[in-house]
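Commentary on secondary and tertiary structure
Here's the letter readout for the chains.
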Amino acid sequence: MTKRDIITLAVGLGVVAVLLAAPEETTPHLPTDSTHEKFHQIFRAEGKKAAEKFCKDCHGQEGMEFPEGHPDPNRCLFCHKANR
Ligand code: HEC
Ligand code: HEC
């Protein structure tokens, strides 16, 4: 092994270590129940932005507040994936 091989190997192992250390994805997906089914359809036909327009009709309203510590609730589908 040359010095260069060793450096390449070390960098490669470093990348793998970072990937393994990344937290498991825990953000809940867009539910597939009847309430949310139409948003899956809009998402597939017209994309995230078109579907997201409706989320706040229910979420964030009185009685359906976002959980404490929820990130800034915009662009819902970037975090709550519609495809699985
Ligand atoms: C008509 C009202 C309504 C609309 C509009 C709506 N939701 Fe919901 N959503 C609910 C209700 C009620 C629940 C809780 C019961 C359930 O899981 O269906 C819920 C639950 C959720 C959950 C939690 C799932 C879990 O596993 O805990 C997520 C995430 C979510 N909705 C995302 C969205 C997104 C993103 C949109 C927009 C594309 C959206 N919702 C539009 C009513 C709505
Ligand atoms: C930056 C990423 C991000 C964005 C944008 C986002 N969320 Fe969330 N959301 C999360 C995470 C992470 C959780 C889980 C947090 C927790 O459990 O405290 C969560 C939790 C929720 C829950 C509760 C699930 C439960 O089981 O209690 C609902 C409902 C929800 N989000 C709806 C939405 C809606 C609707 C939008 C858009 C208006 C949105 N979120 C935008 C990351 C995001």
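Structure: above.
Remember, predicted model here, so these are calculated numbers, not experimental data.

The next thing to look at is the pattern of salt bridges. For the structure shown, the criterion picks out two salt bridges. For arginine 44, the salt bridge is made with glutamate 37, and the minimal N-O distance between the two is 3.9 Å. Its relative accessible area of 60% is what places arginine 44 among the exposed residues. A salt bridge links glutamate 52 to arginine 75, with the nearest nitrogen and oxygen atoms 2.7 Å apart. Of this pair, glutamate 52 sits in helix 3 (residues 48-52) while arginine 75 sits in the loop between helix 3 and helix 4 (76-79), and the two are 23 residues apart along the sequence.

A few words on the site of ligand 1. Around ligand 1 there are 17 residues in total, and Asp33, His36, Cys55, Cys58 and His59 lie nearest to it. A distance of 2.3 Å separates an oxygen atom of ligand 1 from a polar atom in the side chain of aspartate 33. A distance of 2.7 Å is found between a nitrogen atom of ligand 1 and a side-chain nitrogen or oxygen belonging to histidine 59. Judged by its atoms lying within 2 Å of the grid points, ligand 1 is housed in the largest pocket. Every element with two or more residues in the shell around ligand 1 is listed here: helix 2 (34-46) and helix 4. Take the shell around ligand 1: its biggest share by element is three residues, from helix 2. Residues that form the shell around ligand 1 fall into these classes: eleven nonpolar, five polar and one charged.

This next bit is on the site of ligand 2. Taken together, 16 residues lie around ligand 2, and His70, Asn74, Cys76, Cys79 and His80 are the ones closest in. Within the contact set of ligand 2, a nitrogen atom lies 2.7 Å away from a side-chain nitrogen or oxygen of histidine 70. A distance of 2.7 Å separates a nitrogen atom of ligand 2 from a polar atom in the side chain of histidine 80. Judged by the proximity of its atoms to the pocket grid, ligand 2 belongs to the largest pocket. Split by residue class, the shell around ligand 2 holds eight nonpolar, five polar and three charged.

Reading the values: rules and limits
Residues numbered from 1 in each chain as written. Chains lettered and ligands numbered in written order. Predicted model: local features only at pLDDT ≥ 70, side-chain atom pairs only at ≥ 80, totals over all residues. Heavy atoms only, no water. Salt bridge = Lys/Arg side-chain N within 4 Å of Asp/Glu carboxyl O. Buried < 20%, exposed > 50% of the residue type's maximum accessible area, 1.4 Å probe, protein only. Helix = DSSP H or I, 4+ residues; strand = E, 2+ residues; numbered from the N terminus. Near = heavy atom within 4 Å. Polar contact = N/O pair within 3.5 Å; in protein donor to acceptor, adjacent residues only side chain to side chain. 1 Å grid on protein atoms, 1.4 Å probe; cavity = no way out; pocket = protein on both sides within 12 Å on 5 of 7 lines; lining within 4 Å. Sits in = over half its atoms within 2 Å of the grid points. Nonpolar A, V, L, I, M, F, W, Y, C, P; charged D, E, K, R; others polar.

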